[in-house]
Amino acid sequence: MKLAVGAIGVVFGDIGTSPLYAFREAFAGHHPLSLDPLHIYGVLSLVFWSMMLVVTIKYVMIIMRADNRGEGGSLALLALLGGRKSGKRWTGGIVILAIFATALFYGDSMITPAVSVLGAVEGLSVVNPALGGWVIPIAIFILAFLFVIQRSGTARVGAFFGPIMLFYFLVISVLGAISIVQTPEVLWALSPHHALNFFLLRPVEAFLALGAVVLAVTGAEALYADMGHFGRKPIGLSWLCFVLPALMLNYLGQGALAMRIGEASLESPFYLLAPDQLQIPLLIIATLAAIIASQAVISGAFSVTQQAIQLGFMPRLKINHTNAATVGQIYIPFINWALMVMVILLVLTFRSSSSLTSAYGVAVTGAMLIDTCLLTVLLFGFWKWNKFWAGLLVGLFFVVDGLFFAANLTKIPDGGWFPLAVGLAAFVMLTSWAKGRSLIIARMREAAMPVQVFVKSAAGSATRVPGTAVFMTTSPEGVPHALLHNLKHNKVLHERIVLLTVSILDRPFVADEERIHYEDLGAGFYRIILRYGFMQDTDVPMALEKITTCGPPFRMIETSFFLARQTLLTSENPGMAPWREKLFAWMLRNAESAMQFFRLPANRVVELGSQVEI
């Protein structure tokens, strides 16, 4: 139960703030519907059954069973599928899909804070129309403050998230229930025949309405991404027993209000559910909920970036750990400030939550469609479900997700281009880095000298000096270029030479007893491989100090770390397009130093340059 309450505070912030704008958007958005029983019942029925099919069945009951040792999300699933199906012909397609889903997440992480906070603060114009001019300045102030405090971490603030969201869901469910009591016939909207009737009688309007209906399930992918923090059962319990009933009570309450007061409800059906004297408290609660929803997606961007760096899809970036007791509490300055700039620009450009919802659904539905593709591989390739039932289920998901995605494509001229542009840019950068990195490793491996040959030739000919030299290398084979350069120019070797490779495995965590693999190469040479999961911090000095089998204990004051810094040269036969090669070179120059990434002591590091053609 404690984990379930925590999940309510972190996991459901995004989907929990959807009532601020989802129902209103169907009737006052870019494709407005008339306020009559056919449309009201049809939209509410679509909202309910979308939640049941997409969130409850697809994510909670099925996809969340596909955990990578407890961790979820597109990259965790990619690591799981890649690890099990290495070498299969469709593995490349899986990689592209998972990377594109990750790229779309960055677009989503920019839009979610903007639309959530704007949607909440717009309640000011409902409380007092004269305050409408203050909506954008206040929203920008709240968003800027939210990004500024990220550097201090969210450990203390996070303790309040659960109770606040618990109270928020209680308030919106009570307000919805009060409205339903006044118009109880709205409960008939839960019947699926209203959704079907809507499509049969008004097929074009129903299809366009899906662009607003999908806003009610935005955040469903967060259930899977945050599974590692809380577990599948607590998230499922809190969704089925508390969040889903609260959301549906509020949506039904908004529908009942629309049936009673008609067009007047379109100003803001969410806030008009509350009596006049309670609208300011509701505004405060909704704003807090929007901040929490924004915090969740910002933290998610940090976690996804860390996974991408560890799995080799992104250059090293500075990562600060804001809580010594919790590995997942991290802060990445570059991502934080980039998100802040983009979010504020979005608010200044679109200026209302209604306009922002046009840009919102494309990224979410694209990611959901990709999740269905990955789910297909799981059901048929790994879990070996009955082909008939698995095909029927997957077909239903493809129809639902495909309709949602197609409906949101109609929003592209009105703002839907933004998350696609962000996603495409992120996809190009992620794939360019992965490709360039693999080319560099391949070129350096081609030029590498066999270790045994080097040890035999160098051990007796070079002068040995006291101390330990650690040469960092990406390849667990051959002699590092930095070692060859050091011997060539300095003509000396340390008494103990360690060839060190840090290997990131396709699982989130590696136990301490599996961390270290070492090999004695003779003549004071050792090869050490440190293994980490893609969710773990790579602290090399701490790992070395635990090693007692490679000669005397490691003392950082007596250890020098040698790093190679590559400079790219233009090749006559480049391994990738020239413009991608230039992009990769720029990313390489601006990547975080290996010294900081691996926590190496600054006064014990020597960098040696080398030139590489790719």
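This report concerns the structure included in the present document. Everything quoted here is computed from the prediction, not taken from an experiment.

Let's talk about empty space enclosed by the protein
For the structure on display, the rule yields one cavity of 30 Å³ or more. Its boundaries defined by the atoms lining it, the largest cavity holds a volume of some 100 Å³. In terms of lining, the largest cavity is formed by Glu25, Ala26, Gly29, His30, His31, Leu208, Ala209, Gly211, Ala212, Ala407, Thr410 and Lys411. Contributions of two or more residues to the lining of the largest cavity are made by α3 (22-28) and α11 (203-213). At four residues, the largest contribution of residues to the lining of the largest cavity is made by α11.

With respect to the side chain of glutamate 122
Position of glutamate 122 among the secondary structure elements: in the loop between α6 (91-121) and α7 (123-127). Under the relative-accessibility criterion, glutamate 122 is labelled buried at 16%. Within the structure, glutamate 122 has its side chain in polar contact with the side chain of serine 353 (distance 2.6 Å). Not counting chain neighbours up to four residues away, the residues in contact with glutamate 122 comprise Arg24, Val135, Ser352 and Ser353.

A few points about the packing of aromatic side chains
Within this structure, the stated rule accounts for 17 aromatic pairs. Ring centres 5.2 Å apart and planes at 90° place the aromatic pair phenylalanine 270 and tyrosine 271 in the edge-to-face group. No difference in accessibility class separates phenylalanine 270 from tyrosine 271, as the two residues are buried. When the centroid spacing of 6.0 Å and the interplanar angle of 85° are considered together, the rings of phenylalanine 454 and phenylalanine 525 count as edge-to-face. With a gap of 71 residues between them, phenylalanine 454 in helix α21 (residues 451-459) and phenylalanine 525 in strand β6 (residues 525-532) connect regions that are remote in the sequence. A relative accessible area of 4% means that phenylalanine 454 is categorised as buried. Put simply, the rings of Tyr168, Phe169 and Phe242 pair up and form one aromatic cluster. In this arrangement the basic side chain of arginine 496 is found over the ring face of phenylalanine 554, its NZ or CZ atom lying 3.9 Å from the centre.

What counts as what
Residues numbered from 1 in each chain as written. Predicted model: local features only at pLDDT ≥ 70, side-chain atom pairs only at ≥ 80, totals over all residues. Heavy atoms only, no water. 1 Å grid on protein atoms, 1.4 Å probe; cavity = no way out; pocket = protein on both sides within 12 Å on 5 of 7 lines; lining within 4 Å. Points joined across faces, edges and corners; volume = space filled by probe spheres on them. Helix = DSSP H or I, 4+ residues; strand = E, 2+ residues; numbered from the N terminus. Buried < 20%, exposed > 50% of the residue type's maximum accessible area, 1.4 Å probe, protein only. Polar contact = N/O pair within 3.5 Å; in protein donor to acceptor, adjacent residues only side chain to side chain. Contact = heavy atoms within 4.5 Å. Phe/Tyr/Trp six-rings, centres within 6.5 Å; stacked < 30°, edge-to-face > 60°. Lys NZ or Arg CZ within 6 Å of the ring centre and 35° of its normal.

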